[in-house]
Amino acid sequence: MSEGEEPETGPHEVHGAIRDQWANMGWENCYLRYPTSDERGEGDGRYSQFQGGYIRWSPEKGATAQRATRYDDS
């Protein structure tokens, strides 16, 4: 588990494959910057929202990052 702390929203937990993806991208030095939510469940997957997008994990695709202003589950 890692915690990233965004000054406006405080620390948020990032776990497992989502954490590994964020680490591989360079942590807060990548376009995602800092997490703005704790990891959340969605169907059979998980996601974490960041300042510059989100990382979603699913059993089918693993952890994938996306640029976005907010998470879109469509």
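Everything numeric here is computed off the predicted structure, so don't read it as measured data. (Residues numbered from 1 in each chain as written. Predicted model: local features only at pLDDT ≥ 70, side-chain atom pairs only at ≥ 80, totals over all residues. Heavy atoms only, no water.)

Caption draft 1: Main features of the overall build of the protein chain. A tally of helices and strands in the protein chain yields one helix and six strands. Counting from the amino terminus, helix and strand elements in the protein chain follow one another as β-β-α-β-β-β-β. Contacts in the protein chain between residues far apart in sequence, at least 24 positions, make up 32% of those at least 6 positions apart. Accessible area for the protein chain stands at about 4,400 Å²; split by element, carbon and sulfur atoms hold 41% of it. (Helix = DSSP H or I, 4+ residues; strand = E, 2+ residues; numbered from the N terminus. Contact = heavy atoms within 4.5 Å. Areas by Shrake-Rupley, 256 points an atom, 1.4 Å probe, with all protein chains shown as cover.)

Caption draft 2: Quick look at the sheet that holds strand 3 (residues 40–42). Spatially, the four strands line up as an open sheet ordered 3-4-5-6, and their pairing is antiparallel. For this open sheet the edge positions go to strand 3 and strand 6 (62–67), each flanked by a neighbour on one side alone. For this sheet, the mean inter-axis angle between neighbouring strands, taken without regard to orientation, is 25 degrees. Two elements, strand 5 (residues 53–58) and strand 6, share six bridges in a ladder whose sense is antiparallel. Across the sheet, residue tryptophan 57 finds its bridge partner in strand 6, namely alanine 63. (Pairing = 2+ DSSP bridges. Axes fitted to C-alpha atoms, helices over the stretch in contact; angles between N-to-C directions.)

Caption draft 3: Representation of the side chain of serine 58 in the model. For serine 58, the position within the fold is in strand 5. The class for serine 58 is buried, based on a relative accessible area of 1%. Within the structure, serine 58 has its side chain in polar contact with the backbone nitrogen of lysine 61 (distance 3.1 Å). (Buried < 20%, exposed > 50% of the residue type's maximum accessible area, 1.4 Å probe, protein only. Polar contact = N/O pair within 3.5 Å; in protein donor to acceptor, adjacent residues only side chain to side chain.)

Caption draft 4: Summary view of the pattern of salt bridges. Overall, the coordinates contain three salt bridges when judged by the stated rule. Residue glutamate 39 is joined to arginine 46 by a salt bridge in which the shortest nitrogen-to-oxygen separation is 3.0 Å. Given a relative accessible area of 16%, glutamate 39 falls into the buried group. (Salt bridge = Lys/Arg side-chain N within 4 Å of Asp/Glu carboxyl O.)

Caption draft 5: Up close: the packing of aromatic side chains. On inspection of all chains with the given rule, the structure shows two aromatic pairs. A centroid spacing of 5.3 Å and a plane angle of 55 degrees characterise the contact between tryptophan 22 and phenylalanine 50, whose relative ring orientation is tilted. Remark: phenylalanine 50 occurs in strand 4 (residues 45–50) and tryptophan 22 occurs in helix 1 (residues 16–25); sequence separation between them is 28 residues. No difference in accessibility class separates tryptophan 22 from phenylalanine 50, as the two residues are buried. In this arrangement the basic side chain of arginine 67 is found over the ring face of tyrosine 31, its NZ or CZ atom lying 3.9 Å from the centre. (Phe/Tyr/Trp six-rings, centres within 6.5 Å; stacked < 30°, edge-to-face > 60°. Lys NZ or Arg CZ within 6 Å of the ring centre and 35° of its normal.)

Caption draft 6: Structural detail: the nonpolar core. Listed in full, the seven residues of the largest apolar core are Val14, Ile18, Trp22, Cys30, Leu32, Phe50 and Ile55. In this structure, phenylalanine 50 is in contact with Val14, Trp22, Leu32, Arg33, Tyr34, Pro35, Thr36 and Ile55, ignoring residues within four places of it in sequence. (Core = buried A, V, L, I, M, F, W, Y, C linked by side-chain atoms within 4.5 Å.)

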